[in-house]
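# Observations on chain architecture
Chain residues, written in single-letter form:
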Amino acid sequence: MVTSISPLTSKEVSDTTRRLNYGTWKFQKSWTPLHIVDAEGCHFIDGTGKRYLDFSAQLMCVNLGHKNAAVIEAIAEQARTLPYIAPGYATDVRANLSRLLLDVLPQGLEKFFFSTSGTEANEAAFKIARMYTGKTKIIARYRSYHGSTAGSVAATGDPRRWAMEPAWKGNGVIFSPEVNCYDCPIKHTYPGCGIACADYLEHMIENESDVAAVLVEPVVGTNGVLVPPPEYFPRLREICDRRNALLIADEVMSGWGRTGKWFATEHWNVTPDILVTAKGITSAYVPLGLTATTRKIADFFEDHLFAHGHTYEAHPMTLGPAIAAIHEMQRLKLVERSAELGPYLGEKLRDLAARHPSIGDVRGLGLFWAVELVKDRNTKQPLNTYAEKIEGKPLVVDQVAGAMMKEGVSIQAWVSHFVIAPPLIIEKSEIDFGVAALDRALEIADKSIGS
Ligand SMILES: Cc1ncc(COP(=O)(O)O)c(C=O)c1O
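In what follows, the accompanying structure is described. (Residues numbered from 1 in each chain as written. Predicted model: local features only at pLDDT ≥ 70, side-chain atom pairs only at ≥ 80, totals over all residues. Heavy atoms only, no water.)

## A short note on the side chain of Ser-144
Counted only if it meets this: Helix and strand definitions follow DSSP, with helices as H or I runs of at least four residues and strands as E runs of at least two, each counted in order from the N terminus. Here's how the labels work: a residue is buried when its accessible area is under 20% of the maximum for its type, exposed when over 50%, partly exposed in between, all with a 1.4 Å probe on protein chains only. Contacts are assigned to residue pairs that have any heavy atoms within 4.5 Å of one another.
Its place among the elements puts Ser-144 in the loop between strand E5 (137-141) and helix H6 (150-154). Ser-144 sits in the buried class, given a relative accessible area of 3%. When near neighbours in sequence (up to four residues on either side) are disregarded, Ser-144 contacts Ala-155, Thr-156, Gly-157, Asp-158, Glu-217 and Asn-223.

In structure tokens form, the structure reads like this:
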């Protein structure tokens with residue numbers, strides 16, 4: 001018997017969602033999900049008809065903006081042609097997307113494994129690295145996020161890992177200091193430091209043995225858009241080569257034009273051994289993750305078991321839209337657009353820093369920026385801490401984000417900073433609108449520090 005479903009009010013949709021579903025990364029009592037009914041371009045619309053500027057492209061993923069017609073058509077076309085076939089078969093979409101990836105990925109990444117999320121793409125990378133090297137350990141960094149499944153959360157440096165410890169700790173992951181020139185964890189100052197954080201990483205490899213790979217977000221995403229100094233990546237590449245460890249670049253967030261290049265590693269002319277991505281590959285319209293490796297790694301598996309797979313690997317419904325999304329990025333020149341608009345957005349955010357004492361730092365690249373809030377610019381003490389987030393304490397950044405929502409601007413807030421990463425199709429007038437709302441809402445943060 002089919003249960004008839006009567007239309008619900010917005011409040012009923014929200015209440016039902018809250019009652020019957022889990023809200024991610026939060027105390028459930030603090031979750032009142034907003035009912036969303038539509039989205040177009042850089043905006044989404046709630047059940048009352050109110051429009052919101054999507055200033056962080058949802059989870060830094062809707063790079064093409066909402067309702068791109070070509071991607072929607074590709075989804076429909078793929079559903080008509082071949083909605084599913086097992087991963088052991090070859091399909092047109094699979095061959096065509098793979099050939100296209102050879103054009104847009106950093107040169108040297110030549111063999112692909114498709115999954116359905118960033119976390120799965122990382123899991124594949126870790127298994128490949130371990131099988132290929134015959135070694136176990138992965139060195140990750142504290143200020144990082146790599147996903148929520150067992151391996152990826154174990155490799156996540158931020159506190160989203162804590163709830164799973166100690167049971168999942170024995171995964172061979174160890175943590176090195178992150179590169180953070182604003183608030184260096186080892187209290188050095190760039191450039192006098194000579195990139196000591198990279199040298200320390202080499203010291204770790206030397207003293208650990210059994211290191212299969214070093215895992216980094218080339219530009220750290222959720223944890224504060226940390227852009228490394230120019231020497232860092234070439235040095236890391238050199239260290240990994242010297243110490244026979246693979247370099248894995250997690251470009252789940254930093255890829256697909258977000259930083260003003262197709263992939264962030266291109267800023268430093270470094271090719272990783274394994275590149276992991278997801279999100280912008282389809283502009284998040286359908287769930288697709290990608291793990292790309294060099295030919296050298298690929299060749300190893302000619303005579304060794306590739307011991308990994310999913311029912312949904314190379315799912316045709318995910319691959320067709322990816323082709324369309326990449327073609328749209330090329331047609332609209334969105335990588336170039338991100339590079340061009342980046343300084344405009346950066347300058348506007350720096351202007352805010354001049355007027356709001358609660359802003360400690362503004363940093364970014366392309367259309368990928370963070371505004372970090374502090375209690376005191378001299379001590380750089382954050383307005384709220386990671387521990388407070390995990391304890392469910394009210395955070396100032398959430399109050400600021402709430403005030404912006406009232407004004408029709410959605411922004412991602414995380415612990416003591418905002419990640420501003422709009423769709424790459426954004427117009428200057430929309431940037432102005434978003435920054436103006438942030439400007440007004442920052443009064444809350446200024447007041448909280450007594451200014
Ligand atoms: C750098 C990075 N890696 C991995 C992930 C996990 O991706 P997903 O949420 O698709 O599993 C994320 C998600 O935000 C991310 O930012």
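## Details of the nonpolar core
To keep things clear, this is the line we draw: To qualify as a nonpolar core, a set must consist of buried Ala, Val, Leu, Ile, Met, Phe, Trp, Tyr and Cys residues joined through side-chain atoms within 4.5 Å.
Among the nonpolar cores identified, the biggest contains 65 residues, and Leu-101, Leu-349, Phe-418 and Leu-438 are the most heavily contacted of them. Residues Met-204, Val-225, Ala-264 and Ala-421 belong to the second largest nonpolar core, which totals 30 residues.

## With respect to the pairing of strand E10 (residues 289-294)
What counts, and what does not: Criterion used throughout: strands pair if DSSP finds at least two bridges between them.
Most of E10 sits out of view: six of its six residues are buried. Of the strand pairs in this sheet, strand E4 (residues 109-115) and E10 are connected by six bridges, and their pairing is antiparallel. Looking at the pairing, Phe-114 lines up with Leu-290 of E10. Note: strand E9 (residues 274-277) against E10, four bridges, orientation antiparallel. Residue Ile-274 lies in a different strand from E10, and its bridge partner there is Thr-293.

## Side note on the packing of aromatic side chains
To describe a pair of aromatic rings, one takes the distance between the centres and the angle between the planes. As a reminder of what qualifies: The rule is short: rings of Phe, Tyr and Trp, with Trp giving its six-membered ring, pair when the centres are within 6.5 Å, and they are stacked under 30 degrees, edge-to-face over 60, tilted in between.
In this structure the tally under the stated criterion is twelve aromatic pairs. Ring centres of Phe-113 and Phe-306 lie 5.8 Å apart, and the angle between their planes is 45°; this geometry places the pair in the tilted category. Of this pair, Phe-113 sits in strand E4 while Phe-306 sits in the loop between helix H9 (295-300) and helix H10 (316-331), placing them 193 residues apart in sequence. Classification of Phe-306 as partly exposed rests on a relative accessible area of 32%.

## Remarks on the side chain of Arg-258
Stated precisely, the cut-off is as follows: In this tally Asp and Glu are treated as negative and Lys and Arg as positive; neither His nor the chain ends contributes. Any Lys or Arg side-chain nitrogen found within 4 Å of a carboxyl oxygen on Asp or Glu counts as a salt bridge. The definition of a polar contact used here is a pair of N or O atoms within 3.5 Å, where within protein one atom must be able to donate a hydrogen and the other to accept one, and adjacent residues in sequence count solely through side-chain atom pairs.
Mapped onto the secondary structure, Arg-258 falls in the loop between strand E8 (246-250) and E9. No salt bridge is formed by the buried Arg-258; its nearest oppositely charged neighbour, Asp-54, is found at 8.7 Å. In this structure the side chain of Arg-258 is engaged in a polar contact, spanning 2.6 Å, whose partner is the backbone oxygen of Leu-367. A distance of 3.3 Å separates a polar side-chain atom of Arg-258 from the backbone oxygen of Ala-421. Leaving out residues up to four positions away in the same chain, Arg-258 has contacts with Ala-57, Asn-63, Met-253, Ser-338, Leu-365, Gly-366, Leu-367, Phe-368, Ala-421, Pro-422 and Leu-424.

## Observations regarding the sheet that holds strand E3 (residues 51-54)
Read across the open sheet, the four strands follow the order E1-E2-E3-E14; overall the sheet is mixed. Across the chains shown, the open sheet's two edge strands, defined by having one partner strand only, are strand E1 (36-40) and strand E14 (409-410). When strand E2 (residues 43-46) meets E3, the two strands line up antiparallel, connected through three bridges. Note on E3: the bridge partner recorded for Phe-44 is Tyr-52.

## Considerations on the sheet that holds E5
Consider a sheet: its strands pair through backbone hydrogen bonds, and that pairing is either parallel or antiparallel. Threshold: Axis geometry follows a simple rule: fit a line to the C-alpha atoms, using only the stretch in contact for helices, then measure angles between N-to-C directions, giving values from 0 to 180 degrees.
Taken in spatial order, the seven strands make up an open sheet running E4-E10-E9-E8-E7-E5-E6, and their pairing is mixed. In this open sheet, the two edge strands, each paired with only one partner strand, are E4 and strand E6 (173-176). The mean angle between the axes of side-by-side strands here comes to 25°, regardless of whether they run parallel or antiparallel. Here four bridges tie E5 to E6, and the two strands are oriented parallel to one another.

## Here we look at the packing of helix H13 (residues 396-406) against helix H14 (residues 428-448)
The following threshold applies: For classification, angles of less than 35 degrees are called roughly parallel, those exceeding 145 degrees roughly antiparallel, those between 65 and 115 degrees roughly perpendicular, and all remaining angles oblique. Crossing handedness: left-handed means the near helix sits turned counterclockwise from the far one by under a right angle, and right-handed means the same turn made clockwise. Three classes are used, and their members are as follows: Ala, Val, Leu, Ile, Met, Phe, Trp, Tyr, Cys and Pro are nonpolar, Asp, Glu, Lys and Arg are charged, and the others, Gly among them, are polar.
It is at 9 Å that the axes of H13 and H14 come closest, and there the two elements cross at 140°. On the basis of their axis angle, the class for H13 and H14 is oblique. In terms of crossing hand, the pair formed by H13 and H14 is right-handed. Together, Val-396, Gln-399, Val-400, Ala-403 and Met-404 of H13 and Gly-434, Ala-437, Leu-438, Ala-441, Leu-442, Ile-444, Ala-445 and Ser-448 of H14 make up the contact between the two elements. Among the residues making up the contact of H13 with H14, the classes are represented as ten nonpolar, three polar and no charged.

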